[in-house]
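Chain and residue survey
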Amino acid sequence: MYHLECIGCHKRYEPEDIVYTCQRCGDLLDIKYNYEDVDHQLKSGEWKKRPLSVWRYKELLPILEESKKISLNEGGTRLHRCDRLAKNLGLETLYIKTEGDNPTASFKDRGMTVGVTKAVEYNVKAVVCASTGNTSASLSAYAAKAGIRCLVVIPAKKIAYGKLSQAMVYGAKLIQVRGSFDDALKVVLELSLDTNRFYLLNSINPYRIEGQKTVAYEILEQLGGKVPHKVVMPVGNAGNITATWKGFNEFKKLGFTDSLPKMIGIQAEGAAPVANAISSGKEVIEPVPKPETLATAIRIGSPVNWKRALQAIRESGGTAEMVTDREIVDAQKLLARYEGLFVEPASATSVAGLKKLIEAGQIAKDDNVTCIATGHGLKDPDVPVQFCEKPSEVEPTLKAVEKIVGNQQ
Ligand SMILES: *Cc1c(COP(=O)(O)O)cnc(C)c1O
Ligand SMILES: [Zn+2]
């Protein structure tokens, strides 16, 4: 049905091999399908009767035993047409895909439903991940649903409270390391060398990418087959832009669409190795030793999927941009105040980047743009509480309230 292939040396692995990266050259693995078979299975039209969700596209997912599926009804997130925000930005057509609608409130659930189902197929006893927050929230929930043990390694500082509370309530074993996300990842990579003890579900895990690519299918279906000119999304470890690009390509390969969008990756200024490589035309990224940004979900200096992210951006004719924390907070407010959509800071980078690229003339007024808002705003309530106007505190009298309300008219 499928096999795995190294993106560097093209060595082939079979579904029963529990491998994360190539054992010959160390590069990442991609999952390959026989698209003629997939095409044949899709011909019956059975898939179109299923609700919009990750599993609507199960013929394009690398799962062998469907009865082992671990699902919390992920995917099927809303695609909002955002005319008020579009007008403010000087754009005609803007859509925002709110991935915060997922069960644990970020897109990570799309990958975890597939990854944890695979863990159950492999009959593993425990799963592990390093995380800036959302990966741990998601993995903890799916591990709970599957009834398997979950270990989460996170940086000791700057984990958003919403995310931390999720991992805690779902019952994962949480370990904080005194270091960055990149340090946490190093530790879990060593730990998961023994696959009999821990199955690793970081984004080097090829199965997660497969679930995440379904966001592209959904966008195309929600737009009625119309392909956006530009898709703008945040980039941290760069798995999601890799996955989204794969999804668009597969729908084209299967004949559902006839063109591809340009992929635009947005990073925070203090953690922008991919954007730096794109703007300087480099073939490889230069890791950022001490990544800094209030958008903790993309506070990553050494993205695992950098190679495929550069490829997706370049192949598609897209670009990358970086934004400051100030621009991120402003964009978060803009989206909330023009469209009623509350997204977390990392997700707001897509709107911040879009604004910048429109101002720079790199996105045209008549471009049809879709931004992916990767996670819900309640994940990290500290940021708006810090950066928005505080409530006015007064005596509980009509006079006192009138004084404030009156002033604002
Ligand atoms: C994980 C995450 C990202 C970054 O995605 P990558 O696949 O690591 O590039 C962006 N936004 C949110 C909310 C996330 O949880
Ligand atoms: Zn290899």
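This text follows the structure it describes.
Please read all numbers here as calculations on a predicted model, not as lab measurements.

The strand order across the open sheet formed by four strands is E8-E7-E6-E9, and the pairing between neighbours is parallel. Pairing within the sheet leaves two strands with one partner each, and these edge strands are strand E8 (173–177) and strand E9 (199–200). Two elements, strand E7 (residues 149–155) and E8, share five bridges in a ladder whose sense is parallel. Within E8, the position partnered with Val153 by the bridge is Ile175. The strands touched by helix H6 (residues 181–191) are strand E6 (126–130), E7, E8 and E9; relative to E6, the strand with the most contacts, the crossing angle is about 150 degrees.

This part covers the site of ligand 1. Lining the immediate environment of ligand 1, one finds 17 residues, of which Lys108, Asn134, Asn237, Ala238 and Thr374 sit closest. Between an oxygen atom of ligand 1 and a main-chain N or O atom of Gly236, the distance comes to 2.8 Å. One nitrogen or oxygen atom from the main chain of Ala238 is found 2.7 Å from an oxygen atom belonging to ligand 1. Taking 380 Å² as the accessible area of ligand 1 by itself, protein coverage stands at 96%. Secondary-structure elements contributing two or more residues to the shell around ligand 1 are helix H9 (239–253) and helix H13 (345–359). Tallied by class, the residues present in the shell around ligand 1 amount to seven nonpolar, eight polar and two charged.

In this section: the side chain of Asp27. Mapped onto the fold, Asp27 is located in the loop between strand E2 (12–13) and strand E3 (29–33). What makes Asp27 buried here is its relative accessible area of 14%. Ignoring sequence-local partners within four residues, the contact set of Asp27 consists of Cys6, Ile7, Gly8, Thr21, Cys22 and Lys307.

Running from N to C, helix H12 (residues 325–339) and H13 cross one another at 95 degrees; their axes reach a closest spacing of 7 Å. One element, H12, and the other, H13, form an angle in the roughly perpendicular class. Two secondary-structure elements touch here, H12 through Glu327, Ile328, Ala331, Gln332, Leu334 and Leu335 and H13 through Pro345, Ala348, Thr349, Val351, Ala352, Lys355 and Lys356. When the residues that make up the contact of H12 with H13 are grouped by side-chain class, the tally is eight nonpolar, two polar and three charged.

Here we take up the sheet that holds E3. One open sheet holds the three strands; their spatial order is E2-E1-E3, and the pairing between them is antiparallel. At either margin of the open sheet sits one strand with a lone partner, and together these are E2 and E3. Here strand E1 (residues 2–6) runs beside E2; their pairing, made up of two bridges, is antiparallel. Paired with Glu5 across the strands is Arg12, a residue of E2.

Here we come to the coordination of the zinc ion (ligand 2). Here the zinc ion (ligand 2) is held by Cys6 (SG), Cys9 (SG), Cys22 (SG) and Cys25 (SG), and the distances to it run 2.3 Å. For the zinc ion (ligand 2), the four donor atoms in the first shell make angles of 93 to 117 degrees at the metal, a pattern classed as tetrahedral. Considered as a linear motif, the donors of the zinc ion (ligand 2) on their single chain read C-x2-C-x12-C-x2-C. Taken together, the positions of Cys6 in strand E1 and Cys25 in the loop between E2 and E3 put the pair 19 residues apart, joining distant regions of the chain. According to the relative accessible area criterion, Cys6 is buried, its value standing at 1%.

Another point: the environment of Arg299. Checked against the element boundaries, Arg299 lands in the loop between helix H10 (273–279) and helix H11 (306–316). For Arg299, a relative accessible area of 18% gives the class buried. Spatially, the C-alpha atom of Arg299 lies 11 Å from that of Asp325, the residues being 26 residues apart in sequence. Residues within four places of Arg299 in sequence aside, it is in contact with Lys157, Lys158, Phe181, Ala271, Pro291, Glu292 and Thr293. Engagement of the side chain of Arg299 in a polar contact is seen with the backbone oxygen of Pro291, the distance being 3.5 Å. Polar side-chain contacts of Arg299 include one of 3.1 Å to the side chain of Glu292.

The rules we used
Residues numbered from 1 in each chain as written. Chains lettered and ligands numbered in written order. Predicted model: local features only at pLDDT ≥ 70, side-chain atom pairs only at ≥ 80, totals over all residues. Heavy atoms only, no water. Pairing = 2+ DSSP bridges. Helix = DSSP H or I, 4+ residues; strand = E, 2+ residues; numbered from the N terminus. Contact = heavy atoms within 4.5 Å. Axes fitted to C-alpha atoms, helices over the stretch in contact; angles between N-to-C directions. Near = heavy atom within 4 Å. Polar contact = N/O pair within 3.5 Å; in protein donor to acceptor, adjacent residues only side chain to side chain. Areas by Shrake-Rupley, 256 points an atom, 1.4 Å probe, with all protein chains shown as cover. Nonpolar A, V, L, I, M, F, W, Y, C, P; charged D, E, K, R; others polar. Buried < 20%, exposed > 50% of the residue type's maximum accessible area, 1.4 Å probe, protein only. Parallel < 35°, antiparallel > 145°, perpendicular 65-115°, else oblique. Donors = N, O, S within 2.8 Å, 3.2 Å for Na, K, Ca; no water. Tetrahedral: all angles 85-135°; square planar, octahedral: opposite > 155°, others 65-115°.

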